[in-house]
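Structural overview
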Amino acid sequence: AQSVSQHNHHVILSEAASLELGCNYSYGGTVNLFWYVQYPGQHLQLLLKYFSGDPLVKGIKGFEAEFIKSKFSFNLRKPSVQWSDTAEYFCPVVYNNNDMRFGAGTRLTVKP
Amino acid sequence: NAGVTQTPKFQVLKTGQSMTLQCAQDMNHEYMSWYRQDPGMGLRLIHYSVGAGITDQGEVPNGYNVSRSTTEDFPLRLLSAAPSQTSVYFCASSYSRGGRWRNIQYFGAGTRLSVL
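Let me begin by describing the structure that accompanies this report.

1. A look at the state of the cysteines
- Following the criterion strictly, the structure yields 2 disulfides over all chains and no others.
- Disulfide partner of A:Cys23: A:Cys91, at an S-S distance of 2.0 Å. Taking the torsion about the S-S bond as the criterion, the A:Cys23 to A:Cys91 disulfide, at about 90°, is right-handed. Of this pair, A:Cys23 sits in the loop between strand S3 (19-21) and strand S4 (24-25) while A:Cys91 is found in the loop between strand S10 (87-90) and strand S11 (93-95), placing the two residues 68 residues apart along the sequence.
- Residue class for A:Cys91 comes out buried when judged on its relative accessible area of 1%.
- Paired by a disulfide, B:Cys23 and B:Cys91 hold their sulfur atoms 1.8 Å apart. Taking the sign of the S-S torsion, -70° for the link of B:Cys23 and B:Cys91, the bridge is left-handed.

2. Some remarks on the interface of chain B and chain A
- Listed by partner, the interface residues are 22 residues for chain B and 22 residues for chain A.
- Summing both partners gives a buried area of about 1,700 Å² for chain B against chain A, and 54% of it is carried by carbon and sulfur.
- For the pair chain B and chain A, the interface holds 1 salt bridge.
- Among the salt bridges present, the one from B:Glu59 reaches A:Arg101, with a minimum N-O distance of 3.3 Å.
- If you list the elements that add at least two residues to the side of chain B that touches chain A, you get strand S4 (31-38), strand S5 (42-51) and strand S10 (105-107) of chain B.
- In terms of residue count, the dominant contributor to the side of chain B that touches chain A is S5(B) (4 residues).
- Residue classes in the side of chain B that touches chain A are distributed as 11 nonpolar, 7 polar and 4 charged.

3. Overview of the pairing of strand S2 (residues 10-14) of chain A
All names here are of chain A.
- Only one face of S2 is covered, namely the one carrying Val11 and Leu13; the face carrying His10, Ile12 and Ser14 has none of its residues buried.
- Of the strand pairs in this sheet, S2 and strand S13 (residues 106-111) are connected by 5 bridges, and their pairing is parallel. Bridge pairing in S13 links His10 to Arg107.

4. Considering the sheet that holds strand S8 (residues 76-78) of chain B
All names here are of chain B.
- Spatially, S1-S3-S8-S7 is the arrangement adopted by the 4 strands of the open sheet, whose pairing is antiparallel. Since the sheet does not close on itself, it has two edges, and those belong to strand S1 (4-7) and strand S7 (64-66), each with one partner. Going across the sheet, the axis of each strand differs from the next one's by a mean of 20°, ignoring polarity.

Calculation notes
Residues numbered from 1 in each chain as written. Chains lettered and ligands numbered in written order. Predicted model: local features only at pLDDT ≥ 70, side-chain atom pairs only at ≥ 80, totals over all residues. Heavy atoms only, no water. Disulfide = S-S within 2.5 Å. Helix = DSSP H or I, 4+ residues; strand = E, 2+ residues; numbered from the N terminus. Buried < 20%, exposed > 50% of the residue type's maximum accessible area, 1.4 Å probe, protein only. Contact = heavy atoms within 4.5 Å. Buried area = accessible area lost by both parts, 1.4 Å probe. Salt bridge = Lys/Arg side-chain N within 4 Å of Asp/Glu carboxyl O. Nonpolar A, V, L, I, M, F, W, Y, C, P; charged D, E, K, R; others polar. Pairing = 2+ DSSP bridges. Axes fitted to C-alpha atoms, helices over the stretch in contact; angles between N-to-C directions.

Read these as layout, nothing more, since geometry by itself doesn't imply function.
So this is what it looks like as structure tokens:
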């Protein structure tokens, strides 16, 4: 069965530190990749998406992600985090234009 | 344009009670889905619908029923609530563009359910 793995369950950073959150997925044919963010008490919001083309994707709020097909990875990066980035981050994967599979998520805490 | 609207926001049930979680979208999306979110497990798909009159099971369908009589509404029914169904429930909908449909999902604000 297809699955998504987010290695870091909880990441704690200080403001201005650089961020990289890992996301790996199991092979399953055509994939579409996403990063969503969930701020405390809120619903999920789309940060960025990859369907095809340039594997380096830029999203909102200074986030970017790189699709590395050979590694089945789609890691999220941000050069300098802010306190307001404190949230939970998910990287769901859609296999073969079908259902969306989520990983367990990564909780990011940014200390002011 | 309200997006995806879920009601209620909070609910407490006793074991064995039934209830319906409401979900409505005003974006004319064909695809709608229900997820439950539990700590350390991310979101898991309960049921989904690809259009009015068509529904299918996701990863964790047991104990839940759905129907899709209109494009706008996709209610989730708990037939006999159990403590294991204590969770946060999210409804989502998706649109079609260039053949890549059901991919960019718009989520509701969630319903926090406790079953005692």
